[in-house]
Each structure stands twice: as structure tokens, then as C-alpha cells.
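Examining the three-dimensional arrangement
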Amino acid sequence: MGEGYVPVEAGLGLEEGFLSLGDILMSQERLPCRAETVLPRLAAVLGKTGPSPLAAVPEGTKLEIPLWLAKGLYDNKRRIISVELPKIYKESWRTVFSADANVIDLHKLGPFYYGFGSQLLNFNSTENAEIAQAILQTFIDRFRRIMDSSQNAYNEDTSALVARLDELERVLFQVGQKGLNDFQSWEMGRASQITASSLVQNYRKRKFTDLDT
């Protein structure tokens with residue numbers, strides 16, 4: 001009998017996880033680019049009208065293409081396309097984030113702020129170090145409030161609390177909610193069984209093995 005589907009959560013890093021629905025959706029987010037050379041027969045594919053379906057994209061054309069396609073076309077040596085930073089990763093917005101990241105509606109600006117920002121590091125921008133630092137600091141600044149909110153919303157409508165969160169933050173909120181609900185169930189005697197942690201179980205197995213030998 002086949003096992004049930006187990007969701008794979010989206011991750012962070014330079015590569016997408018193609019078993020993760022979140023990463024697949026994130027790779028469809030569009031990225032502003034510029035054609036640095038003539039792209040033959042790609043006008044229709046890249047959403048540019050031409051005299052025929054096989055028309056070329058002229059050099060210098062501005063494009064809005066999915067992240068996965070931009071990664072496929074980008075080559076730092078051949079200069080096929082150049083990539084422009086989306087506005088929320090530019091210096092002006094990085095300043096806003098550094099002032100108070102908690103007031104920003106990340107879901108409205110881009111539901112995959114952390115994952116998409118991590119993917120931008122593939123494109124060798126001169127601002128890569130600043131982008132990476134801004135993403136990390138934003139996460140640090142918002143993490144405590146997210147977890148505090150998740151731990152103080154028992155049996156409540158949480159739709160307003162998660163509406164402004166990035167998809168990664170929503171996963172963290174759900175983890176916090178699960179921990180709260182599990183604790184409340186245990187405290188009220190509804191937990192089915194308290195089991196030893198896997199760390200303790202593995203330690204016991206090693207101890208018995210040592211005794212046998």
C-alpha cells in the first residue's frame with residue numbers, strides 16, 4: 001500500500017527544492033531582466049510580440065521572466081541577460097527594513113521574501129553581501145514577534161496575525177501553534193502518551209549495546 005503524501009517545506013539557499021510546492025511557486029515569481037544580446041526565436045516564449053512566433057528578442061529589451069528561466073539564461077561569462085534587483089531588495093527598501101522590519105507587510109510585497117531573496121544571490125550582484133545581510137537581519141528582527149504571537153493565540157482566529165507574514169514565517173507560526181496546542185493538551189490531560197525523546201531513546205540503545213559487549 002502506498003504511503004500518504006508528506007508535504008516538503010520550502011527551504012532557503014541557492015537552489016530550489018523541486019519536491020517542495022512552496023519552492024515551485026516561488027520559482028514562478030517574475031524577475032526584471034535585460035537582454036544583453038539578441039535572443040533568437042524567443043520573442044513568443046518571453047512574452048514579446050513580433051512579426052512571427054519565431055521572432056528574436058532584440059538586445060537591450062527589458063524583460064519580466066520567471067526566476068527559474070532567469071537562472072537558466074543567466075551566464076556571467078556569456079552575458080546573455082542581466083538581472084535587475086526587485087525593488088524590495090534595493091538599498092532604499094533595505095533602509096526601511098533596518099528601521100523597523102516588524103511594520104512591513106511582507107506577504108503583500110512578496111510572499112517568498114526570504115526564499116526569493118536567497119535565490120538572487122545566484123546572479124553575482126555587487127550588492128549580494130548587503131542583500132544577504134538584510135534578509136538575515138529582517139528574519140532576526142521579526143522572529144521573536146512571530147513566535148510570541150503564535151504562543152499567545154490559543155483557540156483564536158489567527159488569520160489577522162498571519163496575513164502580513166511571508167510564507168516561511170507562516171510555517172514558523174504554525175510550528176509555534178502546534179507546540180502551544182500540544183502543551184495545552186498535555187496540561188489538561190488529553191495527551192495520549194508522553195514518550196521519551198529520540199535522543200534519549202538512541203542513548204539507551206547505545207548503552208544496552210555497550211553492556212552486551
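Residues numbered from 1 in each chain as written. Predicted model: local features only at pLDDT ≥ 70, side-chain atom pairs only at ≥ 80, totals over all residues. Heavy atoms only, no water.

As recorded in an unreviewed UniProt entry, the chain goes by DNA replication complex GINS protein PSF3 and comes from Sphaerodactylus townsendi.

**Some points on the packing of helix α5 (residues 113-120) against helix α6 (residues 128-151)**
Contact pair α5 / α6: the axes reach a minimum separation of 9 Å and the direction vectors enclose 160°. The orientation of α5 relative to α6 falls into the category roughly antiparallel. Relative to α6, the crossing made by α5 is left-handed. Two secondary-structure elements touch here, α5 through Tyr 113, Tyr 114, Gly 117, Ser 118 and Leu 120 and α6 through Asn 128, Ile 131, Ala 134, Ile 135, Thr 138, Phe 139 and Arg 142. Here the contact of α5 with α6 is composed, by residue class, of seven nonpolar, four polar and one charged. (Axes fitted to C-alpha atoms, helices over the stretch in contact; angles between N-to-C directions. Helix = DSSP H or I, 4+ residues; strand = E, 2+ residues; numbered from the N terminus. Parallel < 35°, antiparallel > 145°, perpendicular 65-115°, else oblique. Left-handed = near helix turned anticlockwise from the far one by under 90°. Contact = heavy atoms within 4.5 Å. Nonpolar A, V, L, I, M, F, W, Y, C, P; charged D, E, K, R; others polar.)

**Notes on unusual backbone geometry**
The backbone of Arg 41 sits at a positive phi, close to 65°, despite the residue not being glycine. Tracing the backbone through its elements, the reader meets Arg 41 in the loop between β1 (30-35) and β2 (62-66). You will see that Asn 124, though not glycine, has its phi angle at about 50°, which is positive. Of note, Asn 124 is situated in the loop between α5 and α6.

**Some words on the pattern of salt bridges**
One pass over the structure, following the stated rule, counts eight salt bridges. For Glu 167, the salt bridge identified is with Arg 170, shortest N-O distance 3.8 Å. Residue Glu 167 and its partner Arg 170 are both found in helix α8 (residues 167-187); the two are separated by three residues, about one turn of the helix. When its relative accessible area of 29% is taken as the criterion, Glu 167 is described as partly exposed. Beyond isolated ion pairs, a larger network of salt bridges with shared partners links Arg 34, Glu 36 and Arg 79. (Salt bridge = Lys/Arg side-chain N within 4 Å of Asp/Glu carboxyl O. Buried < 20%, exposed > 50% of the residue type's maximum accessible area, 1.4 Å probe, protein only.)

**Brief notes about the packing of α6 against α8**
Pairs of packed helices are described in terms of their axes, by the angle between the two and the distance that separates them. Viewed as axis vectors pointing N to C, α6 and α8 meet at an angle of 35°, and their least axial separation amounts to 8 Å. Pair α6 / α8 crosses with right-handed handedness. Judged by residue contacts, Phe 139, Arg 142, Phe 143, Ile 146, Met 147, Ser 149, Ser 150 and Gln 151 of α6 engage Leu 168, Glu 169, Leu 172, Phe 173, Gly 176, Gln 177 and Leu 180 from α8. Of the residues that constitute the contact of α6 with α8, the class distribution is eight nonpolar, five polar and two charged.

**Structural notes on the pairing of β1**
Where β1 meets β2, five bridges bridge the pair, whose relative direction is antiparallel. By the bridge assignment, Arg 34 is partnered in β2 with Lys 62. As paired strands, β1 and strand β3 (residues 81-83) are joined by three bridges and run antiparallel to one another. In the strand pairing of β3, Arg 34 is matched with Ser 82. (Pairing = 2+ DSSP bridges.)

**Section: a nonpolar patch on the surface**
Together, Leu 21, Ile 24 and Leu 25 line one region of the surface with nonpolar side chains, adding up to about 270 Å² of accessible area. On the secondary structure map, Ile 24 appears in helix α1 (residues 21-26). Given a relative accessible area of 34%, Ile 24 falls into the partly exposed group. (Patch = residues over 30% accessible without salt bridge, like charges linked within 9 Å, V, L, I, M, F, W, Y side chains within 5 Å. Areas by Shrake-Rupley, 256 points an atom, 1.4 Å probe, with all protein chains shown as cover.)

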